[in-house]
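# Summary of the model geometry
One-letter residues, chain by chain:
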Amino acid sequence: MTTPQLVGKPNSAPPPAPEDTPGPAVAWDGSPFLTQIQVLTGRSLRALATDPSVILFSLAQPAIILFMLTQVFSGMGLPPHFPEGVRYLDFVMPAVLVDNAVHSAIQSGIGVVDDLKNGMVARLRSLPVHPSSLLIARSLANLVRAAVQIAVVIVLAVTVLGYSPKGGAGKLLASAGLTLFLAWSLGWVFIAAAAWLRRAEPMQNLAVIAIFPLMFASSAYVPVDDLPAWLGAVARANPLTYAIDTTRALALDLPGTGSLLPAVLISAGLAVVGGWLAVVGFRRPLTS
């Protein structure tokens, strides 16, 4: 008796694969752009908050400038074109806030240089992270820093020096808001400089060159009409003069708020041009 044999079809197809068989690996495109900005901004803020020396010097610097200017120059005679009925403290206070904005903007660029030197940028470039997210995060972190500094200076001026702007709390907040916008706009200029220079020494030299001419060749410490003729011409062309005049007019309820639109437009233009140059410079190879 023969054993039955099962004969299969010679060209039969293999059995179908199970439905749960893993397919080819899919590359990760990274987190959303806004999430990247949020994470990197938090990283920059934590770095500031966990460094006591940074906190100390960040808060002490504007306070020292405030006390030095008011104590040194308030005892001198007021120039002829000084606003009537305005104390020197009230006059110079908006300039102190703008000066703080310039220093904060410089710190934005120095932070980018630090990220380039410590390898943070190199690590991020190996990940699906948008290059501009790090720059935006740096600008936002220093905006928060500038806001804290401005709040500290105003509180000290009010409680210790008796600062009492005639414009009231609302116009004082508007003045501080314009100062913050200026700090953010100038920050992009220094971020762009950092993306191209990529070294701390040139950034420090640029900071010195920027601070003194911009502040002293403006309406920060004396009215423009009381400056020498050539310096007054420079001050009238200085973008900071528009911002200082506007913040002063708002805080003290003086004529001069007509400079608000030029101040906003100039600040916005600096942010746009600086942001574009920053992204272009930041995309260059790290070895260049």
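So, here is what we can say about the structure in this document. Only a predicted model underlies this, so the values are computations on that prediction, with no experimental measurement involved. (Residues numbered from 1 in each chain as written. Predicted model: local features only at pLDDT ≥ 70, side-chain atom pairs only at ≥ 80, totals over all residues. Heavy atoms only, no water.)

Moving on, we get to the overall build of the chain. Looking only at helices and strands, one finds 10 helices and 0 strands in the chain. Counted from the first residue to the last, the chain has its helices and strands arranged as α-α-α-α-α-α-α-α-α-α. Going through the 288 residues of the chain one by one, you find that 43% of them count as buried. Relative to all contacts within the chain whose residues are 6 or more apart in sequence, the contacts with residues 24 or more apart total 80%. About 15,700 Å² of surface is accessible on the chain, with carbon and sulfur atoms providing 69% of the total. (Helix = DSSP H or I, 4+ residues; strand = E, 2+ residues; numbered from the N terminus. Buried < 20%, exposed > 50% of the residue type's maximum accessible area, 1.4 Å probe, protein only. Contact = heavy atoms within 4.5 Å. Areas by Shrake-Rupley, 256 points an atom, 1.4 Å probe, with all protein chains shown as cover.)

Moving on, we get to the layout of surface pockets. What the largest pocket holds in volume is close to 380 Å³. Forming the walls of the largest pocket are 21 residues, and the residues nearest its centre are Leu48, Val54, Gln107, Asp114 and Arg145. Those elements giving two or more residues to the lining of the largest pocket turn out to be helix 1 (33–49), helix 2 (52–73), helix 3 (88–117) and helix 5 (131–159). Sorting elements by how many residues they give to the lining of the largest pocket places helix 3 first, with 7 residues. In terms of residue class, the lining of the largest pocket is made up of 5 nonpolar, 10 polar and 6 charged. Roughly 270 Å³ of internal volume is contained in the second largest pocket. Looking at the second largest pocket, the residues that line it are Ile65, Met68, Leu69, Val72, Phe73, Asp99, His103, Val208, Ile211, Phe212, Phe216 and Tyr221. At the level of elements, helix 2, helix 3 and helix 7 (200–216) are the ones that each hand at least two residues to the lining of the second largest pocket. If one sorts the elements of the lining of the second largest pocket by residue count, helix 2 sits on top with 5 residues. For the lining of the second largest pocket, a count of residues per class yields 10 nonpolar, 1 polar and 1 charged. (1 Å grid on protein atoms, 1.4 Å probe; cavity = no way out; pocket = protein on both sides within 12 Å on 5 of 7 lines; lining within 4 Å. Points joined across faces, edges and corners; volume = space filled by probe spheres on them. Nonpolar A, V, L, I, M, F, W, Y, C, P; charged D, E, K, R; others polar.)

This paragraph deals with the pattern of salt bridges. Tallied over the entire structure, the rule returns 6 salt bridges. Here Arg43 makes a salt bridge to Asp115, at a shortest N to O gap of 3.0 Å. In this pair, Arg43 sits in helix 1 while Asp115 sits in helix 3, placing the two residues 72 residues apart along the sequence. One salt bridge connects Asp245 with Arg248, and the closest N-O pair in it is separated by 4.0 Å. Separated by 3 residues within a single helix, Asp245 and Arg248 lie in helix 9 (residues 239–252), roughly one turn from each other. The exposure class assigned to Asp245 is partly exposed, which follows from its relative accessible area of 27%. You can call Arg248 buried: its relative accessible area is 5%. The network of salt bridges with shared partners includes Arg43, Asp115 and Arg138. (Salt bridge = Lys/Arg side-chain N within 4 Å of Asp/Glu carboxyl O.)

A separate point is the environment of Thr50. Mapped onto the elements, Thr50 comes out in the loop between helix 1 and helix 2. Among the residues examined, Thr50 registers a relative accessible area of 64% and is labelled exposed. Looking at Thr50, its side chain comes within polar contact range of the main-chain oxygen of Arg46, at 2.7 Å. (Polar contact = N/O pair within 3.5 Å; in protein donor to acceptor, adjacent residues only side chain to side chain.)

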